[in-house]
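Working through the structure, step by step
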Amino acid sequence: MSIDSAISIAWDVLKYVVAPIKRQFGYVISSKRHAQDLQKEVMELAHEVDRVHNVIEEARNNLRNVYSHVTECHASAKEALKEAQDLLSDFQEASKTCCYGTLPDPKCRYQFSKKAKDKIEVIQRLTHECRGFKELNDISSSNPAPGKVASFASTSNKVRDNDIFESRDSVVQDIVDALADDCNSVVGVYGMGGVGKSTLLIDVERRIRKEKSFDWVAKADVSENQDIRRIQGEIAHALDLDIKDVEYVNSRAGLLHKRLENDARGKKKVLIILDNLWKGLDLKSVGIPCGHDNKVIGCKLLLTSRFQDVLRREMGCDRDFYLDALKEEEAKRLFEKTVGNKVHDDPFKSLVDEALHKCARLPFLIIAMANIFKDADFCEWKDVLTQIQMSTNKGISERINEMLQLSYNRFKGEDGKEVKSLLRLCVVYGVSKPTLENLVRYGVGSRLFPEDSSMEEVRYRLSSLVRTLKASSLLLKDDEDDDGFKIHDLVRGFVASVASRDDPLLVWKDTDKSVSELLKDKLKSCTAVCFPYVDMKELPEELDCPEMRIFLLFANNESLKVPDSYFNSMRKLMVLHLSQVRLTRSSSPFQFLENLHTLCLDGCLLEDVAMIGELKGLHILSFVNSKIQRLPKEIGQLVELRLLELNYCSRLKIIEPGVLGNLMKLEELYMKNSFDQWNAVEQTPPTNAKLIELNNMKNLYTLHVSILDPSALPEDLNVKKLTKYKIKIGDVPRWTSREGSSTLELKLDPTNDILQKGCMQTLLGKIDNLSLDGLDGIEQSICSLSQEGFQKLKHLQVENSPSICYVQSPSHTDFTMLESLLLKNLINLEKICNNSISSKSFSTLKVLRVESCGKMEVLFPLSLLKELPRLEEIRAIECPLMREIVEVDDCGKVELRNLHKLELRDLSNINNFFTARNAPSSSTSKDQVDTQVAFFSGQQVSIPSLESLTMVGLPNLKEIWADESLLVLSDLQFLEKFFALME
């Protein structure tokens, strides 16, 4: 072997031997650098942990659902920080122990460097993950998006498979199969009105959700007059895309388009259901990705229409299915289900087949007739069938109208007149889902109700009439809203063409002749007209409508200008509703409208608000979402005004002094997300409105208002008469979305004594929703804030209030109606209850959330927990001293029969749900008492209805439940656990 070869081999051997030694020795000599690197990474991760914590807090404050992987990452990061800080501390202490820190301990430094290197890699990975959680939508979703298939049960789950008729079931399956076929991107269903196309969609959606064949399902009702903005809103809501504050239709379309494209790139399967197309829908204008031929791209569409041509030619349908009438036996079952058992009794059963024959096996007509017969006697059955005897040889549309005429004719007398008038208003509204609030305003303006009726009485009466129309099937229930309602196209057509012959109305369509041509015939005799979101570039200078009483114009852009002389002929006009139009500063277009009682200007651009002061007979005035900056003194001339709405007028900064004080008949004042720059009572001269002006309104019972400066609230503001109110005081970031008739939100300055004012005490005594932020006075318990107690309080949220030690103490009134209690960042809160309280306290509580309460050791004493039979949710987060959920102050077993959700996060001291403290026997040592390894002991804890269990960041927890546990969790659907030391 040559010398060179020997040297080469020796060198290779030396590298393999020396390199590991060098690396190991490097751990010793580089320990200081590893410590510095670790410290740097710890600081970066700590910053990200704090930032993510704040984003999570914001999400939970807005009642959003934080994704489990986010909370797991956050908890892992916090644990990694703690371990790294412990490692650094141990290294620092160890360095001091060897020759007082003058000589290095090789073993210590070696072990530290090796651990630090591994820990740096973990921390860098966690820092990278945390940096991806930037905004609310990155870390959370609002209460599950209705369109998300995996996390949200369909609203139609009430409908079981065996409730679907056999003929429908086969069509449903065919549609589901067609949608699953990659060759089909657009699937349609067509059939005549009343055959049940919309109902079929509910069954299809239910099956899709059950089979989870799509990730997202969004649905929108297109209707005869296409309101693009509403269609966008319905789709975006289902997709959990927030576009509510995006003003322009094109901008909304852009956001929706981007979202759907992102879903397609992410391999998310999206189905968009478009119901009730009367003509082709321009997908691009909505924001649905499509080609030049209007063919959808990246998602799938399910459509319904009366017309096959619309599906095939205008929407590019790949597969379409015809929906026929029910089979005879199915029609009979539906009729019997609605009428009841008397269809089997003599003499009624002899007329069933004849009645069904008149309905042509159409579900809509079957239900309409069944509702007529449900409470009728035999003679009434015979009379109805006789009246429609001649209709059997007529076309189906005439038979439908005659059937509806029977339901319509049942309403007689003065009450019947009100019902018919309301139905007519629903048709004039021009949309399939009228809102009750707009109907109230139209009803008051058109004198549908007695003039001396209060707004509240009108609202109750209208709700009663809606229930009557639902019972007759002339209005339909809304499956997505228990209080909502819809009107079927067949009913709209019947009312417009048949029921309104003596009082003609017109709902304009894009397919109609131009407005100018309408002047010559129908429009001139109309008493009511609606232009619902039709595409009009400009309006004629004037309309000749001498009989017009209701005029509704809903546009989609502010470029549509209303000419000055447009309303000159409408001197009988009583209701005027304009949306998204421009009203110029020149001579008033309202100068001849002396009989106008309701004026709604939604999202309009008004160059001169003062001109409205000419309308002295106004009872209703709405500027919702309009771009007004000042409410001038001329508005104070509207002394008959009963309702004023200024909601979402974000540019409104000035209400001239005295304007509100002149509106002495006002009953309802709405100022949500609007003006809040109130002058204090003592300010002279005033530059803006004062709250004391509201005392002039002797009939005011509804008030929605923001008060930015608490000092502007007068001591003697008369709030006793208020029955419905939403009041925000201080710099409260946003209005609560919680339902309730009376809501008070306060963000207080510690030096402010606003709660001691008489008007505040009156409000607190009758409130049902209360949110408090910033209490730092002498109050130790929340119940001591109100001199009259909180007898009606249903929802309470308290945060950032260091003075609070208890929620309730024995000497104060009980929270007998409280349903939800949210406590956050109360650094001195020790207990919910101080000592024993009445058994009625908290007896209606359903939700308890406690967060960042540093002194709290337990949530409940067992004696209190036994008095909470309705408790459904417990959430405890970041309470470092909390050692258990229930404190045993009583003997017995913990039973939470209605608890559905339990969430425990970042509770560093907790060991058990509760510790059973049995008296020691002679054979049991004291050390054995209070011993319980598992968090839950089934012998001591019963939670039979628990569906969701989250346990994250509980370092002392070793076992959730023992093997012998009798804890029954048969309903558990969600389990999230992440805690240290769990093996």
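For clarity, every value in this text was computed on a predicted model and none was experimentally measured. For every chain, the first residue of the written sequence is number 1, and numbering continues from 1 onward in sequence order. Local features are withheld for residues below a pLDDT of 70 in this predicted model, meaning they are given only at 70 or higher, and side-chain atom pairs are given and counted only at 80 or more; totals for whole chains, interfaces and linings count all residues. Side-chain descriptors were evaluated using all non-hydrogen atoms of the structure, hydrogens and water having been removed beforehand.

1. Structural notes on the nonpolar core
Side chains of nonpolar character tend, in soluble globular proteins, to be buried together. Nonpolar cores were defined as sets of buried Ala, Val, Leu, Ile, Met, Phe, Trp, Tyr and Cys residues, with membership established by side-chain atoms within 4.5 Å. Think of it in three bands: with a 1.4 Å probe and only protein chains considered, a residue is buried below 20% of the maximum accessible area for its type, exposed above 50%, and partly exposed in between. Membership of the largest hydrophobic core comes to 140 residues, with the highest contact counts inside it found for Phe551, Ile612, Phe623, Leu631, Leu644, Phe842 and Phe860. Runs of H or I in DSSP of at least four residues are treated as helices and runs of E of at least two as strands, each being numbered from the N terminus. With four residues, the single largest contributor to this core is helix α24 (residues 758-764). Beyond its immediate sequence surroundings of up to four residues, Phe551 is in contact with Val529, Phe531, Leu543, Tyr566, Phe567, Met570, Leu573, Val575, Leu576 and His577. Of all hydrophobic cores here, the second largest spans 96 residues; its members include Val176, Phe485, Leu505 and Leu643. Here a residue-residue contact requires only that any non-hydrogen atoms of the pair lie within 4.5 Å.

2. Focus: the packing of aromatic side chains
When the centres of two rings from Phe, Tyr and Trp lie within 6.5 Å, Trp using its six-membered ring, the rings pair. Their planes under 30 degrees apart give stacked, over 60 give edge-to-face, and anything left gives tilted. Under the counting rule described, the total for this entry stands at 14 aromatic pairs. Between Tyr408 and Phe494, the aromatic rings sit 5.6 Å apart at their centres with planes inclined by 80°, giving edge-to-face as the arrangement. Taken together, the residues span a long stretch of sequence, with Tyr408 in helix α16 (residues 396-409) and Phe494 in helix α20 (residues 489-499) at a distance of 86 residues. Taken individually, Tyr408 and Phe494 each receive the classification buried, so the pair is uniform in this respect. Ring centres of Tyr429 and Tyr442 lie 5.7 Å apart, and the angle between their planes is 75°; on these two criteria the pair is classed as edge-to-face. Remark: Tyr442 occurs in helix α18 (residues 436-445) and Tyr429 occurs in helix α17 (residues 413-429); sequence separation between them is 13 residues. Looking at Tyr429, the relative accessible area reads 6%, which means it is buried. What makes Tyr442 buried here is its relative accessible area of 1%. The rule for a charge over a ring is simple: NZ of Lys or CZ of Arg within 6 Å of the ring centre, and within 35 degrees of the ring normal. Sitting over the ring of Trp216, Arg259 keeps its end group 4.7 Å from the ring centre. Sitting above the plane of the Phe214 ring, Lys269 keeps its charged end 5.5 Å from the centroid.

3. Comments concerning the confidence of the model for the protein
Residue-level confidence of the predictor is what pLDDT reports, using numbers from 0 through 100. Here the protein averages 81 in pLDDT, while 82% of its residues score no lower than 70. Counting contacts from residues 21-25, a segment whose pLDDT is below 50, to residues more than four positions away or on other chains yields one contact. Across residues 979-983, where pLDDT falls below 50, the model places 12 contacts with residues more than four positions away in sequence or in other chains.

4. As for unusual backbone geometry
In this model, Thr684 is joined to Pro685 through a cis peptide bond whose omega is -10°. With respect to the helices and strands, the residue Pro685 is situated in the loop between β21 (668-670) and β22 (702-707). Backbone geometry places Gln580, a non-glycine residue, at a positive phi of 60°. With phi around 50°, Asn673 is a residue other than glycine that occupies positive phi space.

5. Examining the environment of Glu668
Along the chain, Glu668 falls in strand β21. Considered as a pair, Glu668 and Leu641 are 27 residues apart in the sequence and their alpha carbons are 9.4 Å apart. In this structure, Glu668 is in contact with Met455, Glu456, Arg459, Arg642, Leu643, Leu644, Leu700, Tyr701 and Thr702, ignoring residues within four places of it in sequence. Distance and chemistry together define a polar contact, namely a pair of N or O atoms within 3.5 Å, with one atom able to donate a hydrogen and the other to accept it when in protein, and with adjacent residues in sequence counting only for side-chain atoms on both sides. Only 2.7 Å separates the side chain of Glu668 from the side chain of Arg459, close enough to count as a polar contact. A distance of 2.6 Å separates polar atoms of two side chains, one belonging to Glu668 and the other to Tyr670.

6. Some points on the sheet that holds strand β31 (residues 858-861)
Strand pairing is assigned whenever DSSP identifies at least 2 bridges connecting the two strands. Strand order in the open sheet made by the three strands is β31-β33-β36, with parallel pairing throughout. In this open sheet, the two edge strands, each paired with only one partner strand, are β31 and β36 (912-914). Ignoring which end each strand starts from, the neighbouring axes of this sheet average 20° apart. With three bridges joining them, β31 and strand β33 (residues 884-887) adopt parallel strand pairing. Opposite Val858, over in β33, you have Glu884 as the bridge partner. Axis lines are fitted through C-alpha atoms, for helices just across the contact stretch, and the angle between N-to-C directions can take any value from 0 to 180 degrees.

7. Thoughts on the pairing of strand β38 (residues 948-952)
Extensive coverage of β38 is indicated by the burial of five of its five residues. Taken together, the five bridges between strand β35 (residues 901-905) and β38 define a ladder with parallel strand orientation. If you follow Glu903 over to β38, its bridge partner there is Thr950.

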